[in-house]
Amino acid sequence: FSFEVMPPLWGRWWFKALALVFIVACIIMIIKLRTGKIIKEKKVLEAKVAERTKELAKKNKDITGSIRYAKRIQDAVLPVKERISEILSDSFIFIKPKDIVSGDFYWYTETKDKVVVSAIDCTGHGVPGAFMSLIGNELLNDIVKEKGILNPADILREMHLGVLTALKKDEQESDTVDGMDMAVCIFPKSGLKDGNVELEFAGAGRPVIVISKGN
């Protein structure tokens with residue numbers, strides 16, 4: 001007799017092929033499900049990021065707008081350059097704020113026979129420095145214009161006391177660096193045209209550079 005023993009169902013080639021196809025299909029389905037979940041989470045995250053970015057952009061626009069308006073106020077406080085040029089024909093002013101508004105500023109005034117100029121570097125940049133510059137400007141107006149003090153060293157002393165009072169600080173405090181470096185120059189109006197003037201100067205952390213005949 002000739003006979004053939006048939007293998008069990010799971011041992012037949014077509015069953016193995018179907019099983020392989022089924023396993024591959026399951027793997028692909030699992031990958032697609034996980035990928036779809038990741039893509040969905042990614043879209044949700046991107047939507048949140050876009051929303052936060054929009055909020056930050058609006059806040060940044062509002063803050064920048066406020067700072068630019070503060071610059072207009074600061075520029076309005078500064079002395080008029082044209083008037084300075086009328087009296088000091090060879091003068092120039094260079095001021096370039098680091099962050100729109102500046103902690104550096106210049107100050108100028110005239111009396112009947114004298115000219116007072118000052119360059120001031122306040123602690124900090126940007127908005128904190130700008131606040132300090134407004135304090136410094138008001139102090140100088142009070143010291144020179146109201147009190148009539150026209151000695152550079154006395155002006156610096158009064159500024160020192162004025163800053164301490166304005167910031168409500170005691171001179172004994174050593175853990176603070178809020179303040180200003182400044183240079184004050186005073187000279188008579190007479191002799192300006194021929195350059196024959198006697199310069200009075202006092203500086204706090206700022207020197208004066210005198211250039212005469214190329215030296």
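Conventions we followed
- Residues numbered from 1 in each chain as written.
- Predicted model: local features only at pLDDT ≥ 70, side-chain atom pairs only at ≥ 80, totals over all residues.
- Heavy atoms only, no water.
- Helix = DSSP H or I, 4+ residues; strand = E, 2+ residues; numbered from the N terminus.
- Rg over C-alpha atoms; globule rule 2.2 N^0.38 Å.
- Contact = heavy atoms within 4.5 Å.
- Areas by Shrake-Rupley, 256 points an atom, 1.4 Å probe, with all protein chains shown as cover.
- Lys, Arg positive; Asp, Glu negative; His and termini not counted.
- Charge placed at Lys NZ, Arg CZ, Asp CG, Glu CD.
- Axes fitted to C-alpha atoms, helices over the stretch in contact; angles between N-to-C directions.
- Parallel < 35°, antiparallel > 145°, perpendicular 65-115°, else oblique.
- Left-handed = near helix turned anticlockwise from the far one by under 90°.
- Nonpolar A, V, L, I, M, F, W, Y, C, P; charged D, E, K, R; others polar.
- Pairing = 2+ DSSP bridges.
- Core = buried A, V, L, I, M, F, W, Y, C linked by side-chain atoms within 4.5 Å.
- Buried < 20%, exposed > 50% of the residue type's maximum accessible area, 1.4 Å probe, protein only.
- Patch = residues over 30% accessible without salt bridge, like charges linked within 9 Å, V, L, I, M, F, W, Y side chains within 5 Å.
- Salt bridge = Lys/Arg side-chain N within 4 Å of Asp/Glu carboxyl O.

A. The arrangement of the overall build of the protein chain in detail. From N to C terminus, the protein chain includes four helices and four strands. Reading the secondary structure of the protein chain in the N-to-C direction produces α-α-β-β-α-α-β-β. Against the globule reference of 17 Å for 215 residues, the protein chain gives a C-alpha radius of gyration of 38 Å, more extended than a compact globule. Over its C-alpha atoms, taken along the principal directions, the protein chain stretches across nearly 140 × 45 × 30 Å. Long-range pairs, those at least 24 residues apart, make up 57% of the contacts in the protein chain with a sequence separation of at least 6. When the accessible surface of the protein chain is split by element, carbon and sulfur atoms take 61% of a total near 16200 Å². Here the protein chain contributes 32 positively and 29 negatively charged side chains, and the mean placements of these two sets differ by 16 Å.

B. Geometry of the packing of helix H3 (residues 126–146) against helix H4 (residues 152–166). Two elements in contact, H3 and H4, have axes separated by 10 Å at closest approach and are oriented at 130 degrees. Judged by the inter-axis angle, H3 sits oblique to H4. You can see that H3 and H4 cross each other, and the crossing is right-handed. Listed contacts from H4 to Ile135, Gly136, Leu139, Leu140, Ile143 and Val144 of H3 are Ile155, Glu158, Met159, Gly162, Val163 and Ala166. Its residues placed into classes, the contact of H3 with H4 shows nine nonpolar, two polar and one charged.

C. How the structure looks around the sheet that holds strand S3 (residues 180–188). Strand order in this open sheet of four strands is S1-S2-S3-S4, and the pairing throughout is antiparallel. Only two strands of the sheet have a single partner each, and these edge strands are strand S1 (104–110) and strand S4 (200–204). Pairs of neighbouring strands in the sheet enclose a mean axial angle of 10 degrees, with direction left out of account. Pairing analysis gives nine bridges linking strand S2 (residues 114–122) to S3, with the strands arranged antiparallel. Paired with Val116 across the bridge in S3 is Ile186. With respect to the sheet, H4 is in contact with S3 and S4, its orientation differing from that of S3 by roughly 150 degrees.

D. Here's a closer look at the nonpolar core. One finds Ile120, Leu140, Ile155 and Met159 to be the most contacted residues of the largest nonpolar core, which totals 29 residues. Among the secondary structure elements, those contributing two or more residues to this core are S1, S2, H3, H4 and S3. Ranked by residue count, the leading element in this core is S3, at six residues. When near neighbours in sequence (up to four residues on either side) are disregarded, Ile120 contacts Gly103, Asp104, Phe105, Trp107, Leu140, Met180, Asp181 and Met182.

E. Fine view of a nonpolar patch on the surface. Together, Tyr69, Ile73, Val77, Val127, Phe131 and Leu134 make up a nonpolar patch on the protein surface, roughly 520 Å² of accessible area in all. Listing elements by their share of the nonpolar patch, those giving two or more residues are helix H1 (13–77) and H3. Within the element layout of this structure, Val127 appears in helix H3.

F. Expanded view of the pattern of salt bridges. Applying the stated criterion across every chain yields a total of twelve salt bridges. In this structure, Arg83 engages Glu110 in a salt bridge whose closest nitrogen and oxygen atoms are separated by 2.8 Å. Separated by 27 residues along the polypeptide, Arg83 in helix H2 (residues 81–87) and Glu110 in strand S1 bring together distant segments of the chain. A residue is classified by how much of its surface remains accessible, and Arg83, at 35% relative accessible area, is partly exposed. Sharing partners across several salt bridges, the network here consists of Arg83, Glu86, Glu110 and Lys189.

G. Spatial organisation of the pairing of S1. Buried residues dominate S1, accounting for five of its seven residues. Direction of pairing for S1 relative to S2: antiparallel, over a ladder of seven bridges. The partner of Glu110 across the bridge, within S2, is Val115.

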